[in-house]
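Per-entry structural report
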Amino acid sequence: MQCIVYTLVLFGWVFVTLTFILCSVFLCLHNATVDSCEAMNQWVQNPTAHTTLDDILPCVDNITAHETSKRSKEVTVQLITVINQVIRNVTNGNFAPSNAPLYYNQSGPTMPPLCNPFHPDFTNRTCEPGEVPLSNASSVYSKYVCQVSSNQICTTTGRLTPDSFNQMSAGIELGYSLWLYGPFLVDLQDCTFVRKTFTDISRDHCPGLSRYLNWIYVGLLMVSLAVMFSLVCWVIYARERRHRVYTNTVIGRSGRGGEKDM
């Protein structure tokens with residue numbers, strides 16, 4: 001019985017030690033979470049002030065970000081302009097065989113122009129009927145590809161040779177990527193995307209995460225203190241019980257010795 005009691009006491013102290021360690025871990029997590037949320041909130045409220053996140057997030061000013069956006073739009077417009085010039089002046093033309101290399105026996109329905117998504121002032125523009133949007137231009141223009149001979153002359157109906165289609169598709173994909181991802185990249189550059197993300201985290205996740213970590217920390221602390229108090233009480237009780245048994249034994253022996261003397 002005594003061995004079982006000692007074993008339970010040993011496991012109890014081990015449990016108290018583990019709960020104290022977990023309590024310390026969750027306390028560190030709680031403090032780190034509070035500090036991180038506070039740093040994000042300060043940076044969101046004062047992005048131009050010197051905060052702890054300045055060295056981690058090297059954001060550019062709005063003028064530089066606007067200039068980057070303008071340049072990406074200019075490249076997109078220039079690519080589309082070049083492609084439309086090729087479509088209008090080469091692929092849709094009907095040249096005599098003597099006009100090589102403009103002539104490669106192109107024939108069939110003419111190709112529609114590529115839609116320019118921007119006005120001259122680089123504001124967004126809606127495609128007009130008959131224009132091909134950037135999103136599916138490659139698939140539309142693939143229908144105008146002809147089969148060619150060894151000297152790159154069309155042998156079937158079509159307006160594009162495979163090589164010219166590949167070059168045109170590369171330009172279209174580049175323009176489409178700049179148009180689609182340009183605003184997102186600019187948001188990354190001036191930290192607009194990061195600011196929105198930090199705002200969502202601070203508003204939706206930080207309060208609950210800090211509260212729940214605090215609950216776990218307090219709960220583990222209360223459990224460890226309760227178990228430790230129970231172990232101390234058990235040790236005191238066991239010692240007093242052993243002392244009482246020893247005292248009763250001594251008194252019993254003294255009583256029996258007095259009776260024998262009589």
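See the structure above.
Attention here is on the structure that accompanies the text. All figures in this text were calculated on a predicted structure; none of them were measured in a lab.

1. A word on the state of the cysteines
Scanning all chains against the criterion turns up three disulfides. Across a sulfur-sulfur distance of 1.9 Å, Cys 37 and Cys 206 are joined as a disulfide pair. Across the disulfide from Cys 37 to Cys 206, rotation about the S-S bond amounts to roughly -90 degrees, and the bridge is consequently left-handed. Placement of the pair is Cys 37 in helix H1 (residues 2-45) and Cys 206 in helix H5 (residues 192-261), with a sequence separation of 169 residues. One exposure class covers both Cys 37 and Cys 206, and it is buried. Between the sulfur atoms of Cys 115 and its disulfide partner Cys 127 the distance amounts to 1.9 Å. What sets the handedness of the Cys 115 and Cys 127 disulfide is the S-S torsion sign, and at about -95 degrees it is left-handed.

2. Focus: the packing of aromatic side chains
Tallied over the full model, the rule gives two aromatic pairs. With a centroid separation of 5.8 Å and 40 degrees between ring planes, the pair formed by Tyr 176 and Trp 179 is classed as tilted. Taken together, the residues Tyr 176 and Trp 179, both in helix H4 (residues 162-189) and three residues apart, mark about one turn of the helix. Given the relative accessible area of 21%, Tyr 176 is considered partly exposed. Over the aromatic face of Tyr 212 sits the side chain of Arg 211, whose NZ or CZ is 5.1 Å from the ring centroid. One Lys or Arg, Arg 211, reaches over the ring of Trp 215 and ends 6.0 Å from the middle of that ring.

3. Points about helix H2 (residues 62-91)
Taking 1.5 Å per residue, 30 residues should reach 44 Å; H2 reaches 42 Å between its end C-alpha atoms and fits that length. For H2, the complete set of buried residues consists of Ala 65, Ser 69, Ser 72, Glu 74, Thr 76, Val 77, Ile 80, Ile 83, Asn 84, Ile 87 and Thr 91. At its buried positions, H2 is contacted by helix H3 (137-141) and H4.

4. A closer look at a nonpolar patch on the surface
A contiguous nonpolar surface patch, about 640 Å² in accessible area, is contributed by Trp 179, Leu 180, Tyr 181, Phe 184, Leu 185, Leu 188 and Phe 193. Looking at which element gives the most residues to the nonpolar patch, the answer is H4, with six residues. Looking at where Leu 185 falls in the secondary structure, it is placed in helix H4.

What counts as what
- Residues numbered from 1 in each chain as written.
- Predicted model: local features only at pLDDT ≥ 70, side-chain atom pairs only at ≥ 80, totals over all residues.
- Heavy atoms only, no water.
- Disulfide = S-S within 2.5 Å.
- Helix = DSSP H or I, 4+ residues; strand = E, 2+ residues; numbered from the N terminus.
- Buried < 20%, exposed > 50% of the residue type's maximum accessible area, 1.4 Å probe, protein only.
- Phe/Tyr/Trp six-rings, centres within 6.5 Å; stacked < 30°, edge-to-face > 60°.
- Lys NZ or Arg CZ within 6 Å of the ring centre and 35° of its normal.
- Expected span 1.5 Å × (residues − 1).
- Contact = heavy atoms within 4.5 Å.
- Patch = residues over 30% accessible without salt bridge, like charges linked within 9 Å, V, L, I, M, F, W, Y side chains within 5 Å.
- Areas by Shrake-Rupley, 256 points an atom, 1.4 Å probe, with all protein chains shown as cover.
- Salt bridge = Lys/Arg side-chain N within 4 Å of Asp/Glu carboxyl O.

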